[in-house]
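Now for the letters of each chain:
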Amino acid sequence: MPDATHTDPWIAATFEEIGVPPPPSGDLAVVDPATETVLARVAAADLAACDAAAATACEAFGALRRLPIPERGQLVRTFGDRVRAAKEPLARLVAREMGKCIAEARGEVQEVVDICDFACGLSRSLAGRVLPSERPGHTMLEAWHPLGPVLCITAFNFPVAVFAWNAAIGWVCGDSFVWKPSLHTPLSAYALAGLAAPVFEEAGVFGAVTVAVAPPTPGTLALVEDDRFPLVSATGSCAMGRVVAPKVAARLGRTILELGGNNAAIIDETADLDLAVRAVVFGAVGTAGQRCTTTRRLYVHASRYDEVLARLRAAYEQVIERIGDPLDEKILVGPLVDGRAVERFETAVATARAQGGSVVVGGRRRPGPGHFVEPTLVAVPGGGIDIMAEETFAPILYVAPVADLDEAIAANNAVEQGLSSALFTRDVGAMGRFLSAEGSDCGIANVNTGTSGAEVGGAFGGEKATGGGREAGSDAWKAYMRRQTCVVNASGTLPLAQGIDWGVAGDPP
Ligand code: UN1
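Reading guide: rules and limits
- Residues numbered from 1 in each chain as written.
- Predicted model: local features only at pLDDT ≥ 70, side-chain atom pairs only at ≥ 80, totals over all residues.
- Helix = DSSP H or I, 4+ residues; strand = E, 2+ residues; numbered from the N terminus.
- Contact = placed C-beta atoms within 7 Å.
- Near = placed C-beta within 6 Å.
- Nonpolar A, V, L, I, M, F, W, Y, C, P; charged D, E, K, R; others polar.
- Domains from an automatic or database assignment.
- Axes fitted to C-alpha atoms, helices over the stretch in contact; angles between N-to-C directions.
- Parallel < 35°, antiparallel > 145°, perpendicular 65-115°, else oblique.
- Left-handed = near helix turned anticlockwise from the far one by under 90°.
- Buried ≥ 20, exposed ≤ 12 C-beta atoms within 10 Å, placed from the backbone.
- Pairing = 2+ DSSP bridges.
- Right-handed = clockwise from strand over helix to strand, strands pointing away.

Participant: Sorry, what's going on with the environment of Ile444 here?
Facilitator: If you trace the backbone, Ile444 turns up in strand 17 (residues 444-447). Residue contacts for Ile444: discarding those within four places in its chain leaves Leu419, Ser420, Ser421, Ala454 and Gly462.

Encoded structure:
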């Protein structure tokens, strides 16, 4: 039973509706960003708990890797079915705990279901290769084996989907997980892990996922340095990646890094503005600007700059009316995650003004309680300003004119991150250039659709300071497995590769 002194009754009832036990009580306060009330107090993972989680994951790995791959796929399918059945209460929990509007929270839970479907299909198609051997009577194979326990560190902004991208694929690959969720969103993590656990336990696998709500130090640091995890998959800021990556590299482990994005969209002189403006507003304002795929910079052909700005202003004026309680169906913009995020928003707006940007719409925080800010449109008619090179995790869109596509592509690429990008055009030549080797340098390049809202079937991730990792679809599964090159000699003799003649006693004369 939920501990009434530690858990808000709404949260307790939601866990009951999802059909999972409530999280273990402790001292870590989980705060509703829309009301600043405490939703629950959960147990933080100390060093002993982190060590136990790693040990559990090792045991689970031993059991999981013995199951046939399609059987693992069936477990992931069953887990996906449980998530499908609990979609509504799970979406409400995500909206309450993280603050994204309910429509987007439903979308996030759907993303969990989708990746389970994808992973189940993968469990019937994940294949190695037979490669040509230069030696007579030899067969060369490439096989894929489970890798081991994976440490998965996730951010507050996608409290269930990003773990699912990792785990649905990783479980099919035969890996077990320790999940270190954001300290802002442990409830969503416990709910999702609670849906998975019994499915695997029924198949004799205990600990396919263990949640460890570890603070950065000492818990998370110890997990990152723990060589029982051959792979650390980490989503968060570039600053977090710069701490985690060298620590994993020092023990020669592998990482999948999904770090910051400072994504741009380009509108050229031929673009369909009805479509472009809608895509840009969703990209810039969705999830209150707290997606790593959020559109933060917009480069518009100078001939259409004024028109685009006017249309954006009209759209933003509507959106600004719909800030509020994320569980209210009419609301499009929920709160930022915490007070520090609001301060960073205010600093960025002030800096943009000081550097010559002018705030067209928004720019203010809303009075509390709740960490609400206005979606903000900043015109930069004189071209780029320094603050545009920074990723502020808030709904601020900088809009600058460009003379041509070359200038726009150069501006798109002129930031340290390389996650997502978009071009709005009707010109196939422009599309070709944008998607070419000399075009966008990002992991995601879209034409006539926005920077955010990727589907699970493609590999998700970005270049440069975004970290280079890929998750979810396509062949991202390969990162969760170890590759083995196998040669079988059926010739009855011993021809050596490269034609080497290395005779020893015992060879036929
Ligand atoms: C993230 O912000 O970390 O493409 C992930 C999107 C979502 C995932 C974003 N499907 O916007």
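Participant: Looking at this structure, I do not really get the site of the ligand. What am I missing?
Facilitator: Around the ligand sit Glu111, Asn157, Phe158, Val162, Thr235, Arg291, Cys292, Thr293, Ser452, Gly453 and Ala454, and those are all the residues in its vicinity. Considering only residue class, the shell around the ligand consists of four nonpolar, five polar and two charged. For the shell around the ligand, the two domains that each supply at least three residues are domain 1 (53-259 + 467-484) and domain 2 (263-459).

Participant: Could you clarify how one ought to interpret the packing of helix 4 (residues 87-98) against helix 7 (residues 186-202) in this entry?
Facilitator: To characterise two packed helices, one gives the angle between the axes of the helices and the distance between these axes. Between helix 4 and helix 7, whose axes approach to 9 Å, the crossing angle comes to 160°. If you check the angle between helix 4 and helix 7, you find them roughly antiparallel. Crossing of helix 4 against helix 7: the hand is left-handed. Contacts between helix 4 and helix 7 involve Leu90, Leu93, Val94, Glu97 and Met98 from the former and Leu187, Ser188 and Ala191 from the latter. For the contact of helix 4 with helix 7, a count of residues per class yields six nonpolar, one polar and one charged.

Participant: So what exactly am I meant to see when it comes to the domain arrangement of the chain here?
Facilitator: It is common to give the size of an interface as the accessible area that goes away when the parts come together. If you check the domain split of the chain, you get domain 1 (53-259 + 467-484) and domain 2 (263-459). The distance between the C-alpha centroids of domain 1 and domain 2 comes to 30 Å. Between domain 1 and domain 2, the residue contacts involve 24 residues of the former and 21 residues of the latter. At the level of secondary structure, the elements contributing two or more residues to the side of domain 1 that touches domain 2 comprise helix 4 and helix 5 (102-122). Here the element with the most residues in the side of domain 1 that touches domain 2 is helix 5; it accounts for six residues.

Participant: Sorry, what's going on with the pairing of strand 13 (residues 376-379) here?
Facilitator: Each regular strand shows side chains that alternate between the opposite faces of the sheet. Side chains Thr376 and Val378 of strand 13 all project onto a buried face; the interleaved residues Leu377 and Ala379 project onto the opposite face, where all are buried too. Inspection of the sheet shows strand 12 (residues 358-361) paired to strand 13 by three bridges, in the antiparallel sense. Of the residues in strand 13, the one forming a bridge with Ser358 is Ala379. Two strands pair when backbone bridges link them, and strand 13 and strand 14 (residues 396-402) are joined in this way by four bridges, in the parallel orientation. Within strand 14, the position partnered with Ala379 by the bridge is Val399.

Participant: Please clarify how the pairing of strand 16 (residues 420-424) should be interpreted in this entry.
Facilitator: Burial of strand 16 is extensive: five of the five residues sit out of reach of the surface. Covered by surrounding structure in strand 16 are Ser420, Ala422 and Phe424 together with Ser421 and Leu423, the residues of both alternating faces. Pairing between strand 10 (residues 263-267) and strand 16: four bridges, direction parallel. Bridging across to strand 16, Ala264 finds its partner in Ser421. As defined by bridge partners, strand 16 adjoins strand 17 across four bridges and the pair is classed as parallel. Bridge assignment links Leu423 to a residue of strand 17, and that residue is Val447. Taken together, strand 16, helix 14 (residues 428-434) and strand 17 form a β-α-β motif whose crossover is right-handed.

Participant: So what exactly am I meant to see when it comes to the environment of Phe372 here?
Facilitator: Position of Phe372 among the secondary structure elements: in the loop between strand 12 and strand 13. Owing to 22 C-beta atoms within 10 Å, Phe372 belongs among the buried residues under this scheme. The spatial distance from the C-alpha of Phe372 to the C-alpha of Pro230 is 40 Å, given a sequence separation of 142 residues. Aside from chain neighbours lying at most four places away, what touches Phe372 is Ile323, Pro335, Arg365 and Arg366.

Participant: Before we go on, may I ask you to explain the sheet that holds strand 21 (residues 481-489) in this structure?
Facilitator: Strand pairs in the sheet, formed through backbone hydrogen bonds, run parallel or antiparallel to each other. The three strands lie next to each other as 3-4-21, forming an open sheet whose pairing is antiparallel. Single-partner strands in this sheet number two, and they are strand 3 (129-131) and strand 21. Pairwise comparison of adjacent strand axes, ignoring direction, gives a mean angle of 25° for this sheet. Note that strand 3 and strand 4 (residues 138-146) share three bridges and pair antiparallel. The partner of Arg129 across the bridge, within strand 4, is Glu142.

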